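Next come the chains, spelled out residue by residue.
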Amino acid sequence: MLSKFSSCLADQHLCFSPLMGKIADIVNRNLETIQDLRCLSVLMVSISSLISQRFQEQLVNKAEQLFDTIDSSQVNTARRIVQFLRNIKYNYYPLLERCNKVFLSNVNHLDLDSISKILSLYHSLQFHSFEFILMTKKRLTEMIPLFDHPASFVKLFVTLGPVAGPEEEKQLKSTILLMSEELTGQQALAVMGAMEEMESRNSRLIKKIASILYKHLDNYKPVELLRITQALIFLHFQSKELLVKLRELLLSYLKVSVIPSETSLLVCALSMLPSPRLDEAKISQIEAVLPQCDLNDLNSFATSVLRCIQYDPMYRNNTPGKQLKLLQKLDHYGRQRLRKCSSLNLLWEEVKSLKGDWFADSLLEETVVTLQRLIDEINYINVAGIASFISRTNYLSTSLLDRIASVVLQQNEKIHPFAILAIILPFSALNYDPPQRDEFFGTCLQHLNSYLSILDPLKLVFLGYSLATREYFSEDLLKAIFNIRFLAKLDSQLELLCSSLNMKVQFRLMELNRAVCLECPEYQIPWFHDRFCQQQYKKDFGSMNGAQQQIYKMLAEVLGGINFVKASVLTPYYYTIDFECILDKRKKPIPYGSHNTTLGKLPKIHSELNTQIAGSRLPPGAEKIALEFLDSRAFCRNIPHLKGKSAMKKRHLEILGYHVIQIPHFEWNSMALSTKNARMDYLRERIFGEGKSSS
């Protein structure tokens, strides 16, 4: 009865009422005696907005205990549990996995509404189930001819569109175009959001949906106006009339806005429109809400201000003092908020989605200092999130990484295998080994072994690549990846991904294949990426940057002429190196054939498309030298420490027979090398000096 009553209150939007608080208290006092998960799941969703973190964890544990008591057909109970986890922002993998099994076993009985809700909840929790998406895609595709009512078809369009194949996408777009005149404002907004996710370039449909949005523009809330602005900009839709009205509405909302989060999203939307401008009134309004802002609001304001400065023609030559003062105030309030923070969980809620130049330049270091101050609070619950943050920011903090490794070794039984990839990633990306390296990686792999067959294929590829970067090769993992059945499964998943992620996965598989062939030939895994690489490297390589042009010209002088150096060389296994030269056994340069190179343009790609090592065709005692210019992307953000990908490339080039010379940007652009003569001496020293490859 209590669960039914709580559901009625929730329907009346009384989730924060004292009455709901009393229900939460009754549930808390009687939790031990509750044995009906169906009723409990209703109560969990109803009271989720009011309860403490400790009570949340008790409910999660209780749901886990009772899960085996429910019938596998209880889809609604499983969905409510996922909804509860979404409400409390806790992607607790053990429960999610069990709920997912219930959905999979009932997928043929799920209707459009259920599939739509489940996928939306998964998206919010960043929980990916390739198997569920694949099965529901088939089910949703079968529904395309069944719906002729706009409300139902819009829901189908939004749910199926982002994972649809070319044929299904064509059907969806043609049908939604036919019923476009009947769409409401909210339905048009949903369609536009889905088209953004689908990366649609159907100009006719975009124009039609935009005209419906224009008609209903006065009825949208501020957050919806932001979504419209983002979608229109992403889809490259230009309509002066629509953009002018959008700006007027945003400004009218901004004049009366006093809530920081609302003010920040309105300013964000305005900054995306053509010729954005921050006048004194807007700056004063932003300054008024700053003391109440969290880090997300501050970051949003800073990003908007920087965007206005960048795109407003008035500010191209000099930045006005008022904008600079506002940025300084944003820095001040951001640092102040970080210094006052006394809880890692509260801090994590604010920093987990922060990104952009302002955060990286102004607050990242202070954020890492705060994380180090709260380091003892890193545990099995938040360890994957903290690891992801480090990977994303490229900031090498050995104390944080050592703590992450320590938590994994001490609490590995409590860490779900789905979290292992996120935990390994910063060690791989930032080229860092914790003190107990082998034990750490071994524990991670052992924890994963029983899940190798059910992990999403793309996660398995990323995991294999991350471990290969750290020279850690698990035979079981490699066998799980390099077999026909897995690769077929991966192909079917690639069809569901956006083009950028699809290409990233293919590159990672190629790089893993290359690493295994070069470093673990004893596994006898064949190289099968010739065709893929040839397709990629047929594309235009573009021009050399300024530093590369300087180095190319000076190398020609140092070595005795342009015919002693090759630029943009393609090696066996398809690595590209900036420059290559050959020295004989007396360290004298050996000339190549004729060159037809215009300075600033890359010469024709030099390549050996077989897999022979570089020294196999050289005169006795001669060696090939690979010279690589390393820009800031090759190093950690805070210190000149080489990142994992560049370190692996150097290792592989050495296996291929090259003597590798890496030229870091901070050395080449230093005061010590500010003259041409100093740079020439530097190149001579690196090429002809004694010693082994150095970085």
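Definitions and cut-offs
- Residues numbered from 1 in each chain as written.
- Predicted model: local features only at pLDDT ≥ 70, side-chain atom pairs only at ≥ 80, totals over all residues.
- Heavy atoms only, no water.
- UniProt positions renumbered as here; feature names shortened; annotations may be inferred.
- Helix = DSSP H or I, 4+ residues; strand = E, 2+ residues; numbered from the N terminus.
- Phe/Tyr/Trp six-rings, centres within 6.5 Å; stacked < 30°, edge-to-face > 60°.
- Buried < 20%, exposed > 50% of the residue type's maximum accessible area, 1.4 Å probe, protein only.
- Salt bridge = Lys/Arg side-chain N within 4 Å of Asp/Glu carboxyl O.
- Core = buried A, V, L, I, M, F, W, Y, C linked by side-chain atoms within 4.5 Å.
- Contact = heavy atoms within 4.5 Å.
- Polar contact = N/O pair within 3.5 Å; in protein donor to acceptor, adjacent residues only side chain to side chain.
- Pairing = 2+ DSSP bridges.
- Right-handed = clockwise from strand over helix to strand, strands pointing away.
- Domains from an automatic or database assignment.
- Buried area = accessible area lost by both parts, 1.4 Å probe.
- Axes fitted to C-alpha atoms, helices over the stretch in contact; angles between N-to-C directions.
- Parallel < 35°, antiparallel > 145°, perpendicular 65-115°, else oblique.
- Left-handed = near helix turned anticlockwise from the far one by under 90°.

For the protein, an unreviewed UniProt entry supplies the name FAST kinase domain-containing protein 1, mitochondrial isoform X3 and the organism Delphinapterus leucas. Listed in UniProt under the heading Subcellular location (unreviewed entry), the comment for the protein reads: "Mitochondrion".

Q: What should I look at first to understand the UniProt feature "domain: RAP" (unreviewed entry) in the protein in this one?
A: Following the UniProt record, the feature "domain: RAP" (unreviewed entry) maps to residues 625–685 here. Strand forms 21% of residues 625–685 and helix 43%; the C-alpha atoms that close the span are 13 Å apart.

Q: What's the story with the packing of aromatic side chains in this structure? I'm lost.
A: Aromatic rings considered in pairs are described by the distance between their centres and by the relative angle of their planes. Tallying each qualifying case throughout the model produces 22 aromatic pairs. Relative to F127, the ring of Y93 lies with its centre 6.3 Å away and its plane at 40°, an arrangement referred to as tilted. Of this pair, Y93 sits in helix α6 (residues 93–105) while F127 is found in the loop between α7 (112–125) and α8 (130–143), placing the two residues 34 residues apart along the sequence. For F127, a relative accessible area of 5% gives the class buried. Centre to centre, the rings of W527 and Y573 are 5.2 Å apart; their planes meet at 75°, and the pair counts as edge-to-face. Of this pair, W527 sits in the loop between α28 (499–519) and α29 (530–537) while Y573 is found in the loop between β1 (566–570) and β2 (576–583), placing the two residues 46 residues apart along the sequence.

Q: Sorry if this is basic, but what is going on with the pattern of salt bridges here?
A: Once their charged atoms are close, side chains differing in charge can pair, the charge on each being opposite to the other. Applying the stated rule across the entire model yields 30 salt bridges. One salt bridge connects D68 with R98, and the closest N-O pair in it is separated by 2.5 Å. Note that D68 is positioned in the loop between α4 (53–66) and α5 (75–87) and R98 in helix α6, a separation of 30 residues in sequence. For D68, a relative accessible area of 64% corresponds to the exposed category. Where K138 meets E142, a salt bridge forms, and the shortest distance between an N and an O atom there is 3.3 Å. Taken together, the positions of K138 and E142, both in helix α8 and four residues apart, correspond to about one turn of that helix. Because the salt bridges share partners, they merge into one network encompassing D433, R437, D438 and R470.

Q: What is the right way to read the nonpolar core from this model?
A: Side chains of a nonpolar character, in soluble globular proteins, are inclined to be buried together. Core analysis: the biggest nonpolar cluster contains 210 residues, and V27, L59 and I209 have the highest contact counts within it. Those residues in contact with L59 that lie beyond four places of it in its chain are V27, L31, L40, M44, I47, I51 and F84. Membership of the second largest hydrophobic core comes to 26 residues, among which are Y552, I625, F629 and Y682.

Q: I'm lost on helix α3 (residues 37–47) in this one. Help?
A: Residue pairs spaced three or four apart in an α-helix point in one direction, given the helix's 3.6 residues per turn. For α3, the tally of buried residues reaches nine of 11 residues, placing the bulk of the element in the interior. For α3, every residue scored as buried is listed here: L37, L40, S41, V42, L43, M44, V45, S46 and I47. Where α3 begins, the side chain of D36 points an oxygen toward the backbone nitrogen of R38, at a separation of 3.0 Å.

Q: Which parts of the structure should I look at to understand the pairing of strand β6 (residues 658–664)?
A: It is a general feature of regular strands that their side chains alternate between the two faces of the sheet. For β6, the tally of buried residues reaches seven of seven residues, placing the bulk of the element in the interior. The pairing of strand β5 (residues 623–630) with β6 spans seven bridges and is parallel. In the sheet register, K624 faces β6, and the bridge partner there is Y658. Each parallel crossover has a hand, and the one from β5 via helix α31 (residues 644–655) to β6 is right-handed.

Q: Teacher, can you tell me more about the side chain of E519 here?
A: With respect to the element layout, E519 can be found in helix α28. For E519, a relative accessible area of 18% translates into the label buried. Here H652 takes part through its side chain, which lies 2.6 Å from a polar atom of the side chain of E519. Residues contacting E519, with those up to four places away along its chain left out, are A468, E471, F473, M648, R651, H652 and I655.

Q: Sorry, what's going on with the domain arrangement of the protein here?
A: When the parts of a complex come together, some accessible area is lost, and that lost area is often taken as the interface size. Each assigned domain of the protein is listed here: domain 1 (1–106), domain 2 (350–537) and domain 3 (542–602 + 617–688). Placing a centre on the C-alpha atoms of domain 2 and another on those of domain 3 gives a separation of 30 Å. Contacts between domain 2 and domain 3 engage 27 residues on the former and 20 residues on the latter. Summed over both sides, the interface of domain 2 with domain 3 buries roughly 2100 Å², with 60% coming from carbon and sulfur. One can count three salt bridges joining domain 2 with domain 3. With a closest N to O distance of 3.0 Å, R651 and E519 form a salt bridge. Summed over the shared surface of domain 2 and domain 3, the result is 16 residue pairs in polar contact (both at pLDDT 80 or more).

Q: Is there a simple way to think about the packing of helix α9 (residues 150–160) against helix α11 (residues 185–197) in this case?
A: The geometry of a pair of packed helices is captured by two quantities: the angle between their axes and the separation between those axes. Two elements in contact, α9 and α11, have axes whose closest approach is 9 Å; the angle formed by their N-to-C orientations is 20°. With respect to α11, the element α9 is oriented roughly parallel. As for how α9 packs across α11, the hand of that crossing is left-handed. The residues of α11 that touch α9, namely those facing P150, A151, V154, F157 and V158, are Q187, A190, V191, A194 and M195.

Q: How should I be thinking about the environment of S492 in this particular structure?
A: Tracing the backbone through its elements, the reader meets S492 in helix α27 (residues 484–494). Setting aside residues up to four positions removed in sequence, S492 forms contacts with F130 and L134. A polar contact is formed between the side chain of S492 and the backbone oxygen of K489, at a distance of 2.6 Å.

Q: I keep staring at the packing of helix α14 (residues 240–256) against helix α15 (residues 260–272) and nothing clicks. Help me out?
A: Between α14 and α15, the least distance of the axes is 10 Å, while the angle of their chain directions is 155°. Taken together, the axis directions place α14 and α15 in an arrangement best described as roughly antiparallel. Classified by chirality, the crossing of α15 by α14 is left-handed. Between α14, through R247, L250, L251, Y253 and L254, and α15, the contact on the second element is made entirely by T263, L266, V267, A269 and L270.

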